[in-house]
Amino acid sequence: MESEKEKVISEAEELPRTIVRRVVKEKLCNDGDDMSVHKDALLAFSESARIFIHYLSATANDICKESKRQTINADDVLAALQEIEFSHFLGPLKASLHEFRQKNAGKKAGAAKEKEEKKKRKLEELSHDSGGGERVENEDNQDGTGHA
């Protein structure tokens with residue numbers, strides 16, 4: 001019988017069923033056929049994916065440690081896929097990573113531009129506020145003595 005601790009760990013690591021169901025159905029229902037998947041089969045897919053993720057992440061972690069780094073990066077995952085003999089996934093994964101990086105680069109550039117524009121507007125407001133206040137003083141102080 002499983003202890004409560006083992007059950008909690010298992011639930012915490014469990015992949016969301018709706019996502020697993022969607023992935024399985026998308027892959028199996030290519031021709032528009034409405035395929036149903038039994039609950040036990042979904043559990044088997046979910047557990048298989050979880051185990052694969054653990055195995056892949058452990059291998060990527062070993063590769064990362066061999067490089068004397070503490071953060072796993074995408075190249076570590078790609079190398080791990082090759083090491084565990086899933087190199088046929090490399091092409092599609094590299095394409096997905098490239099697309100993701102392009103989208104992120106666009107978002108980062110847009111965010112940086114927006115941040116720069118905000119900073120510029122704030123500086124303009126500050127210089128306008130302080131510059132406007134000085135002009136009023138100077139206009140009141142036309143004789144240059146500091147008295148109105």
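This one's a predicted model, so the numbers in the text were calculated from it and none came from an experiment. Numbers given to residues run from 1 along each chain, matching the order in which its sequence is written. Side-chain atom pairs in this predicted model are given and counted only at pLDDT of 80 or more, local residue features only at pLDDT of at least 70, and totals for whole chains, interfaces and linings cover all residues. Excluding hydrogens and water, the side-chain figures rest on all heavy atoms present in the structure.

Caption draft 1: Fine view of the confidence of the model for the protein chain. Summary statistics for the protein chain give a mean pLDDT of 80 and a share of 76% for residues scoring 70 or more. pLDDT is defined as a per-residue confidence score from the predictor, taking values between 0 and 100. Any two residues having at least one pair of non-hydrogen atoms within 4.5 Å are treated as being in contact. Scored below 50 in pLDDT, residues 133–139 makes zero contacts in the model with residues more than four places away or belonging to other chains.

Caption draft 2: Spotlight on the pattern of salt bridges. Basic side-chain nitrogens of Lys or Arg form a salt bridge, by our definition, when they fall within 4 Å of a carboxyl oxygen of Asp or Glu. One pass over the structure, following the stated rule, counts four salt bridges. Glu14 serves as the salt-bridge partner of Arg17, at 3.5 Å between the closest nitrogen and oxygen. When accessible area is computed with a 1.4 Å probe and restricted to protein chains, residues below 20% of their type maximum are described as buried, those above 50% as exposed, and intermediate ones as partly exposed. Relative accessible area serves as the criterion here: at 51%, Arg17 is assigned to the exposed category. In this structure Glu14 comes out as partly exposed when scored by relative accessible area, which is 31%. One salt bridge in this structure joins Arg50 and Glu47, with 2.8 Å as the shortest N-O distance. Here Arg50 and its partner Glu47 are both found in helix 3 (residues 39–66), three residues apart, which amounts to about one turn of the helix. Numbering of helices and strands runs from the N terminus, with a helix taken as a DSSP run of H or I at least four residues long and a strand as a DSSP run of E at least two residues long.

Caption draft 3: Quick look at the side chain of Thr59. Among the structural elements, Thr59 can be located in helix 3. Those residues in contact with Thr59 that lie beyond four places of it in its chain are Ala80, Glu83 and Ile84.

Caption draft 4: Main features of the side chain of Asp76. Residue position: Asp76 is located in helix 4 (residues 74–83). Residue classification places Asp76 among the buried residues on the basis of a relative accessible area of 3%. Each residue touching Asp76, except ones within four places of it in the same chain, is listed here: Ala60, Ile63, Cys64, Arg69 and Thr71.

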